[in-house]
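The chain contents come next:
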Amino acid sequence: LREAAAERDVSYIVTEQFVDDALALTASQRERIKLSYLRARHVVFVSEGNRATMQRLVGLQEVAHSVVPNGVDVDAIRLRLDRIPGRATRPGSGAAHLMTASRLAPAKGLDVLVRAVAKLPPSTVARLDLYGEGPERDPLEQLISDLGLSDRAFLHPWLTDVIEQMAVHDLFVLPSRAEGMPYVVLEAMAAGIPVVATAVAGTAEALAHGMAGTLIAEPNVAALAAAIQRSLAHPDDTAQRALAAASRAGASYDVKLQMRRTVALWTARGRPR
């Protein structure tokens, strides 16, 4: 599409929504991507980690580019939270209810999450709710059954709006193997639910590299189970991180801010730098 626009002398901006930290390119691919960048009015990366990866792979010298993160409607999320019954109405014995929401695909590491919950007793984690659709649904259902978690882990259809679910769960967990800047993590931050995730590009930046959430270095079952247990065992510290995340969501990841920055790129005279 970029090349077609360039051939027709159509002005375009490239937005790189997802760049795997481990991305590898052939020489031909590097050349084509670099040329598409040079022809673009601007190139937008949704995270500094994604920008750094493409700097390493193709070089961004003489490329007009910026980092403009994804954004969510923070005010609307907080307004909705005021109208949703909170944790006090949640059924259960007091053991934690965990949730995630994502495409059911290998890159999201949901198999790691299910295995991590299996390592934790019901007195620690009473329930895991997974919201999503994708090619890993059948394997995940089988894994849940094989691990004897059918009464604790539940697969649900994808929901376009998971704010209500975030309001009545204790932790949001996303052990991704790669990310750009996941909207669902930004929604969790705005909603005030503590986040446990892997320190991949975008997610780590949003969570201030651990100051606004609990991060593990890679999607490892033992490390994830320990991070979940640690978050639940230290509720005051976990709550402080969630408060820091909510503040960051409003200050840095509100959709209105990102739209103003994006519109400015389109309306700038010439090729903005």
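Before any of the text, the structure's been laid out above.
Residues numbered from 1 in each chain as written. Predicted model: local features only at pLDDT ≥ 70, side-chain atom pairs only at ≥ 80, totals over all residues. Heavy atoms only, no water.

**Q** Quick rundown of the pattern of salt bridges? Include the residues and the values.
**A** For side chains of opposite charge, pairing can occur when their charged atoms come near one another. This model, assessed by the stated rule, comprises 14 salt bridges. Put simply, Glu48 and Arg51 hold a salt bridge, and the shortest N to O gap is 2.8 Å. Separated by 3 residues within a single helix, Glu48 and Arg51 lie in helix H3 (residues 48-58), roughly one turn from each other. Relative accessible area serves as the criterion here: at 36%, Glu48 is assigned to the partly exposed category. We note a salt bridge from Lys256 to Asp254, for which the minimum N-O separation is 3.0 Å. (Salt bridge = Lys/Arg side-chain N within 4 Å of Asp/Glu carboxyl O. Helix = DSSP H or I, 4+ residues; strand = E, 2+ residues; numbered from the N terminus. Buried < 20%, exposed > 50% of the residue type's maximum accessible area, 1.4 Å probe, protein only.)

**Q** With reference to specific residues and values, describe the sheet that holds strand E7 (residues 171-174).
**A** Ordered by their spatial adjacency, 6 strands build an open sheet running E6-E5-E4-E7-E8-E9, and the pairing between neighbours is parallel. Of all the strands in the sheet, the pair left with one neighbour each is strand E6 (153-156) and strand E9 (214-216). On average, each strand axis in the sheet is tilted by 20 degrees relative to the strand beside it, whichever way the strands run. Here strand E4 (residues 96-101) pairs with E7 via 2 bridges, running parallel. Along E7, the bridge assignment pairs Met99 with Phe172. Packed onto the sheet, helix H5 (residues 110-119) meets E4, strand E5 (125-131) and E7 and runs at close to 165 degrees relative to E5. Where helix H10 (residues 221-233) meets the sheet, its contacts fall on E4, E5, E7, strand E8 (195-198) and E9, and the angle it forms with E9 comes to roughly 165 degrees. (Pairing = 2+ DSSP bridges. Axes fitted to C-alpha atoms, helices over the stretch in contact; angles between N-to-C directions. Contact = heavy atoms within 4.5 Å.)

**Q** Can you break down the sheet that holds strand E2 (residues 42-45) residue by residue, with the values?
**A** The strand order across the open sheet built from 3 strands is E1-E2-E3, with neighbouring strands paired in parallel fashion. Each edge of the open sheet carries a strand with a single partner, namely strand E1 (13-16) and strand E3 (65-67). Each adjacent strand pair in this sheet contributes to an overall mean axis angle of 20 degrees, direction not counted. In terms of strand pairing, E2 meets E3 through 3 bridges, oriented parallel.

Purely spatial values, then, with no claim about function.
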